[in-house]
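# Structural features, examined
So you can see what is in the structure, the chains are spelled out below.
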Amino acid sequence: MEFNVKKLASDAGVFFSRAMQFTEEKLGQAEKTELDAHFENLLARADCTKNWTEKILRQTEVLLQPNPSARVEEFLYEKLDRKVPSRVTNGELLAQYMTEAANDFGPGTPYGKTLIKVGETQRRLGAAEREFIRSASISFLTPLRNFLEGDWRTISKERRILQNRRLDLDACKARLKKAKAAEAKAAAVPDFQETRPRNYVLSASASALWSDEVEKAEHELRLTQTEFDRQAEVTRLLLEGISSTHVNHLRCLHEFVESQTNYYAQCYQFMLDLQKQLGGFSGTFVGNAESASPAAATSSPAVAAATLPAVPTIPVVPTIVGVPNTVAEGVLNPNEVKPPASGTRRARVLYDYEAADSTELALLADEMITVYSLPGMDPDWLIGERGNQKGKVPVTYLELLS
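Here's a quick rundown of the structure.

Cut-offs applied
Residues numbered from 1 in each chain as written. Predicted model: local features only at pLDDT ≥ 70, side-chain atom pairs only at ≥ 80, totals over all residues. Heavy atoms only, no water. Helix = DSSP H or I, 4+ residues; strand = E, 2+ residues; numbered from the N terminus. Buried < 20%, exposed > 50% of the residue type's maximum accessible area, 1.4 Å probe, protein only. Contact = heavy atoms within 4.5 Å. Areas by Shrake-Rupley, 256 points an atom, 1.4 Å probe, with all protein chains shown as cover. Polar contact = N/O pair within 3.5 Å; in protein donor to acceptor, adjacent residues only side chain to side chain. Pairing = 2+ DSSP bridges. Patch = residues over 30% accessible without salt bridge, like charges linked within 9 Å, V, L, I, M, F, W, Y side chains within 5 Å. Salt bridge = Lys/Arg side-chain N within 4 Å of Asp/Glu carboxyl O. Axes fitted to C-alpha atoms, helices over the stretch in contact; angles between N-to-C directions. Core = buried A, V, L, I, M, F, W, Y, C linked by side-chain atoms within 4.5 Å. Parallel < 35°, antiparallel > 145°, perpendicular 65-115°, else oblique. Left-handed = near helix turned anticlockwise from the far one by under 90°. Nonpolar A, V, L, I, M, F, W, Y, C, P; charged D, E, K, R; others polar. Expected span 1.5 Å × (residues − 1).

### Structural notes on the overall build of the protein chain
A count of helical and extended segments in the protein chain gives 10 helices and five strands. In the protein chain, which comprises 402 residues, the proportion classed as buried is 30%. By sequence separation, contacts in the protein chain at least 24 residues apart represent 71% of the contacts at least 6 residues apart. Of the roughly 25,300 Å² that the protein chain leaves accessible, carbon and sulfur atoms contribute 58%.

### Digging into the side chain of Arg 145
The residue Arg 145 is located in helix 5 (residues 110–188) in this model. Side chain to side chain, Arg 145 and Glu 61 meet in a polar contact 2.7 Å long.

### Topic: the pairing of strand 4 (residues 389–394)
Regular strands place side chains that alternate from one sheet face to the opposite one. Pairing geometry for strand 3 (residues 381–386) and strand 4, over six bridges, is antiparallel. Pairing of Glu 385 across the sheet is with Lys 390, part of strand 4. Taking the residues that link successive antiparallel strands as the turn, the strand 3-strand 4 hairpin has two residues, and the phi of Gly 387 there is positive, at about 65°.

### Structural notes on a nonpolar patch on the surface
Together, Val 88, Leu 93 and Tyr 97 make up an exposed nonpolar region whose accessible area comes to about 270 Å². Positionally, Leu 93 belongs in helix 4 (residues 90–105).

### Considering the sheet that holds strand 5 (residues 398–400)
The antiparallel open sheet is built from five strands, whose spatial order is 4-3-2-1-5. Only two strands of the sheet have a single neighbouring strand rather than two, namely strand 4 and strand 5. For this sheet the average axis-to-axis angle between neighbouring strands, irrespective of direction, equals 40°.

### A look at the nonpolar core
A general tendency of soluble globular proteins is for nonpolar side chains to be buried together. Core analysis: the biggest nonpolar cluster contains 34 residues, and Phe 132, Phe 140 and Leu 239 have the highest contact counts within it. Where this core is concerned, the elements lending two or more residues are helix 2 (37–64), helix 5, helix 6 (197–240) and helix 7 (242–292). If you look at the next biggest cluster of nonpolar residues, it comprises 17 residues, including Ala 347, Val 349, Leu 374 and Met 377.

### What about the packing of helix 4 against helix 5?
Two numbers describe how helix 4 lies on helix 5: the axes approach to 7 Å, and their chain directions differ by 165°. On the basis of the axis angle, helix 4 is roughly antiparallel to helix 5. The element helix 4 and its partner helix 5 pack so that their crossing is left-handed. For the pair helix 4 and helix 5, contact is made by Gly 91, Glu 92, Leu 94, Ala 95, Met 98, Ala 101, Ala 102 and Phe 105 and by Tyr 111, Gly 112, Leu 115, Ile 116, Val 118, Gly 119, Gln 122, Arg 123, Gly 126, Ala 127 and Arg 130, respectively.

### Looking at the packing of helix 2 against helix 5
As a packed pair, helix 2 and helix 5 sit with axes 10 Å apart at the nearest point and diverge in direction by 150°. Classified by the angle between their axes, helix 2 and helix 5 sit roughly antiparallel to one another. For the pair helix 2 and helix 5, the crossing hand works out as left-handed. Considered class by class, the residues forming the contact of helix 2 with helix 5 number 16 nonpolar, three polar and six charged.

### Concerning the pairing of strand 3
Across the six residues of strand 3, five count as buried, placing the element largely inside the fold. As judged from the three bridges shared by strand 2 (residues 368–372) and strand 3, these two strands associate in the antiparallel manner. Looking across to strand 3, one finds that Val 371 is bridged to Gly 384.

### Quick word on the side chain of Thr 235
Here Thr 235 shows up in helix 6. The buried category is assigned to Thr 235, whose relative accessible area is 1%. Excluding its chain neighbours within four sequence positions, the residues that come into contact with Thr 235 are Phe 39, Glu 158, Arg 159 and Leu 162.

### With respect to helix 2
The first and last C-alpha atoms of helix 2 sit 40 Å apart over 28 residues, in line with the 40 Å expected at 1.5 Å per residue. Phe 39, Leu 42, Leu 43, Ala 46, Thr 49, Thr 53, Leu 57, Thr 60 and Leu 64 are the residues of helix 2 that are buried. The distance from a side-chain oxygen at the start of helix 2 to the backbone nitrogen of His 38 is 3.2 Å, and the residue carrying that oxygen is Asp 36.

### Quick notes on unusual backbone geometry
The backbone of Asp 366 shows a phi angle near 75°, a positive value even though the residue is not glycine. With respect to the helices and strands, the residue Asp 366 is situated in the loop between strand 1 (345–349) and strand 2. Here Asp 366 falls in the exposed class, since its relative accessible area comes to 54%.

### Some details on the pattern of salt bridges
When charged atoms on two side chains of opposite charge get close, those side chains can pair. Following the criterion strictly, the structure yields 17 salt bridges and no others. For Arg 348, the salt bridge is made with Glu 399, and the minimal N-O distance between the two is 2.7 Å. Within this pair, whereas Arg 348 is found in strand 1, its partner Glu 399 is found in strand 5, the two being separated by 51 residues in sequence. Residue class for Glu 399 comes out partly exposed when judged on its relative accessible area of 33%. Put simply, Asp 36, Glu 233 and Arg 236 are held in one network by salt bridges that share partners.

Spelled out as structure tokens, the structure:
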């Protein structure tokens, strides 16, 4: 118990000494040991790395999981060292709703078929999002979090120790300075012409005491200086390790960009496939709608304006003068198709399109082609020409120009 009391008293003395030294430095009443410029640059670089890593980490978490309550839940599970429960993505939930709606409306109806197709694509998008979040968490978030919770905590701890060592060093310097000033004052007081010997003896005794105090302060200063230099070297090595941290984070950043690129490429391909599927049988849905409600079809000029109105379309035409029977029957022979005298327009291709067969024209995004409509054609398709090449092209892939 006695040992603990002594240690407590010693720690309290050190604490008050450091607090006094820190306060006097802030008030400008004490000198402060300055670190070299290179060391100060390392400290500033480390602080900058820590601050930006925290911001990037938090914003990446927001990007991957926009729901704040879900982020808090994941954080609590991590702190409790428990596995985060599996959570469906928004795309997967939307796919579930669409599939259930299709079953209610009838999976054989045009609307039901479309819901099933779109729902399947949404499910694939949700699965791709889940994989992207998992990959980004492992390759990017985890290294950033490990730096903040591991290396940075070690650096912060050693910096606090260095700060305490510096305060102890400056306090020893201050004590030595005071002891030397008192010793010089005591040495100047004795007067050999003094008629009262007692005063001379007291002055000589005080000078000897202050001389011992100076030697003790110098010894403490040497020890404190050694501890400060050792701690400064340890801290310097840790701070210089920030460069390797940057290299590691750079590699993680490349992996994050790669996983994000793969994710968006998958999403783009999924949506292109869905668009082709919808374009493949959307004409059937339009035909069914027209046969079920002819009045609505004839009274909607907006639908007719979506395609080229130069040549009127006819639902069923056994034989059309000037147009081969193969076109009227729905089978296009590009060699037999001739553009109408009027009604051709220029169009810009919005997306790449791969021709399904020889009757279709493959498209490249942003290219310009000439398009026109023929009697009896599906309103969702046009005839496209590019030089000597011609074939059917889907309207949804085009931007018609005036």
